[in-house]
Amino acid sequence: MPIWGDRLLAAGGAPVTVPRDPARDAAREELLNADYHKNDPSVLERVTDWFWDRINHALGSLSGDGTDGTTGLVLFLIVAALIAAAVWWRLGAPKRAARTVLGVYGTEGPRSAAQYRADAAGHAAAGRWAEAVREQMRALVRALEERTLLDTRPGRTADEAAAEAGRALPEHAAALTAAARTFDDIAYGDRTADQVAYQLLLDLDRALERTRPALAQAPVTASAPAPTTGGAA
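Residues numbered from 1 in each chain as written. Predicted model: local features only at pLDDT ≥ 70, side-chain atom pairs only at ≥ 80, totals over all residues. Heavy atoms only, no water.

Concerning the overall build of the protein chain
Okay, so step 1: If you tally the helices and strands in the protein chain, you get 8 helices and 2 strands.
Okay, so step 2: Start at the N end of the protein chain and walk to the C end: the helices and strands fall as β-β-α-α-α-α-α-α-α-α.
Okay, so step 3: Here the protein chain holds 233 residues, and the buried ones make up 27% of them.
Okay, so step 4: Within the protein chain, residue pairs in contact and separated by at least 24 positions form 55% of the contacts whose partners lie at least 6 positions apart.
Okay, so step 5: Approximately 16400 Å² of the protein chain is accessible, and the part contributed by carbon and sulfur atoms is 59%. (Helix = DSSP H or I, 4+ residues; strand = E, 2+ residues; numbered from the N terminus. Buried < 20%, exposed > 50% of the residue type's maximum accessible area, 1.4 Å probe, protein only. Contact = heavy atoms within 4.5 Å. Areas by Shrake-Rupley, 256 points an atom, 1.4 Å probe, with all protein chains shown as cover.)

Dropping the structure here:
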């Protein structure tokens, strides 16, 4: 009995023998034509359909269809845990929101260093350590601006102020960086302020008041030897 693909009829009716393997390859290539797959679901759609099939199966199991309710509940909890893990991995912990770091003075604009220091001391006396830290850091930066060690620039962040001040006061550069980090963590992050954080900023502010900026030294040039006058012996 002839097998399809072994014999075909030519246009004139004469039989033509076609080997089986080339016929199979030709049929496979024809089926791979894109025109046959224009309406096929995408990979994402197939994955989504599979996922919802699993969810429906798990929910059906909860009502007793297919397997017992305990098995369905376990499957549902596993799927829910996988979804939660995927969301956690993608977005992070729920409490971790995108942090917008404003200028060191916030939206109010700068006041005098003396005013910031007075406000910081008042908050500290009342035990409001977060407010005390914020006002003390602002007093520190404002004092540097008043001494013209920093130019008055709206929108400057605490990190930027620390980096710029550290170049003028290199012996305090590390302490300034740490102070800016403490300010950011308390003002815009989730760190709890305490008396220690406030006292560190207060001590740094006082130390900076006693520090002179590092001035660039002019290069030393060798003086030319004084001309000598010669005379006749």
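Observations regarding a nonpolar patch on the surface
Okay, so step 1: Taken together, the side chains of Val74, Ile78 and Leu82 make up a nonpolar region of the molecular surface, amounting to roughly 280 Å² of accessible area.
Okay, so step 2: Checked against the element boundaries, leucine 82 lands in helix α3 (residues 69-91). (Patch = residues over 30% accessible without salt bridge, like charges linked within 9 Å, V, L, I, M, F, W, Y side chains within 5 Å. Salt bridge = Lys/Arg side-chain N within 4 Å of Asp/Glu carboxyl O.)

A short note on helix α6 (residues 158-168)
Okay, so step 1: For α6, the full list of buried residues reads Ala158, Ala161, Ala162, Glu164, Ala165, Gly166 and Ala168.
Okay, so step 2: On its buried face, α6 is in contact with α5 (129-146) and α7 (173-187).

Here's the deal with the packing of α5 against α7
Okay, so step 1: At a minimum axis separation of 10 Å, α5 and α7 run at an interaxial angle of 140°. Between α5 and α7, the angle falls in the class oblique. Once α5 is placed against α7, the crossing between them reads as left-handed. Residue-level contacts link Ala130, Val133, Arg134, Met137, Arg138 and Leu140 of α5 to Leu176, Ala179, Ala180, Phe183, Ile186 and Ala187 of α7.
Okay, so step 2: Taken together, the residues of the contact of α5 with α7 sort by class into 10 nonpolar, no polar and 2 charged. (Axes fitted to C-alpha atoms, helices over the stretch in contact; angles between N-to-C directions. Parallel < 35°, antiparallel > 145°, perpendicular 65-115°, else oblique. Left-handed = near helix turned anticlockwise from the far one by under 90°. Nonpolar A, V, L, I, M, F, W, Y, C, P; charged D, E, K, R; others polar.)

Section: the packing of aromatic side chains
Okay, so step 1: In total, this model carries 3 aromatic pairs according to the counting rule given.
Okay, so step 2: With a centroid separation of 5.7 Å and an interplanar angle of 10°, the aromatic rings of tyrosine 105 and tyrosine 116 are classed as stacked. Of the two residues, tyrosine 105 is situated in the loop between α3 and α4 (113-125) and tyrosine 116 in helix α4; the sequence distance between them amounts to 11 residues. By the burial criterion, tyrosine 105 is buried, and tyrosine 116 matches it.
Okay, so step 3: Relative to tyrosine 198, the ring of tryptophan 129 lies with its centre 6.0 Å away and its plane at 40°, an arrangement referred to as tilted. Separated by 69 residues along the polypeptide, tryptophan 129 in helix α5 and tyrosine 198 in helix α8 (residues 195-209) bring together distant segments of the chain. (Phe/Tyr/Trp six-rings, centres within 6.5 Å; stacked < 30°, edge-to-face > 60°.)

Side note on the pattern of salt bridges
Okay, so step 1: Taken as a whole and assessed by the stated rule, the structure comprises 13 salt bridges.
Okay, so step 2: Between arginine 142 and glutamate 145 there is a salt bridge, with the nearest N and O atoms lying 2.8 Å from each other. Of this pair, arginine 142 and glutamate 145 both sit in helix α5, 3 residues apart, which is roughly one turn of the helix. In terms of burial, arginine 142 and glutamate 145 fall into one category: buried.
Okay, so step 3: In the salt-bridge network here, residues are joined through shared partners; they are Arg142, Glu145, Glu146, Asp151, Arg153, Arg156, Glu160 and Glu164.

Some thoughts on the packing of α4 against α8
Okay, so step 1: It is the contact of α4 with α8, at a shortest axis distance of 12 Å, that shows an interaxial angle of 150°. It follows from the interaxial angle that α4 and α8 lie roughly antiparallel. Where α4 crosses over α8, the handedness of that crossing is left-handed. Facing Arg117, Ala120, Ala121 and Ala124 of α4, the residues of α8 in contact are Tyr198, Asp205 and Glu209.

Some details on the nonpolar core
Okay, so step 1: Met137, Val141 and Leu144 are the most contacted members of the largest nonpolar core, which has 33 residues in total.
Okay, so step 2: Tallying contributions element by element places α5 first for this core, with 7 residues.
Okay, so step 3: If we ignore the near neighbours within four places in the chain, the residues touching valine 141 are Val104, Tyr105, Leu150 and Ala161. (Core = buried A, V, L, I, M, F, W, Y, C linked by side-chain atoms within 4.5 Å.)

Quick word on the side chain of arginine 138
Okay, so step 1: Inspection of the secondary structure puts arginine 138 in helix α5.
Okay, so step 2: On the basis of relative accessible area, arginine 138 is assigned to the buried category, the value being 10%.
Okay, so step 3: Among the polar contacts listed, one links the side chain of arginine 138 to the side chain of glutamate 135, at a separation of 2.8 Å.
Okay, so step 4: The contact partners of arginine 138, leaving out residues within four places of it in the chain, are Val104, Tyr105, Gly106, Tyr116 and Phe183. (Polar contact = N/O pair within 3.5 Å; in protein donor to acceptor, adjacent residues only side chain to side chain.)

With respect to unusual backbone geometry
Most peptide bonds take the trans configuration, and most residues that are not glycine carry a negative phi.
Okay, so step 1: Of note, the phi angle at threonine 148 is positive, near 60°, even though the residue is not glycine.
Okay, so step 2: Looking at the secondary structure, you find threonine 148 in the loop between α5 and α6.
Okay, so step 3: On the basis of relative accessible area, threonine 148 is assigned to the exposed category, the value being 67%.

Geometric descriptors of this kind do not, in isolation, establish any biological role.
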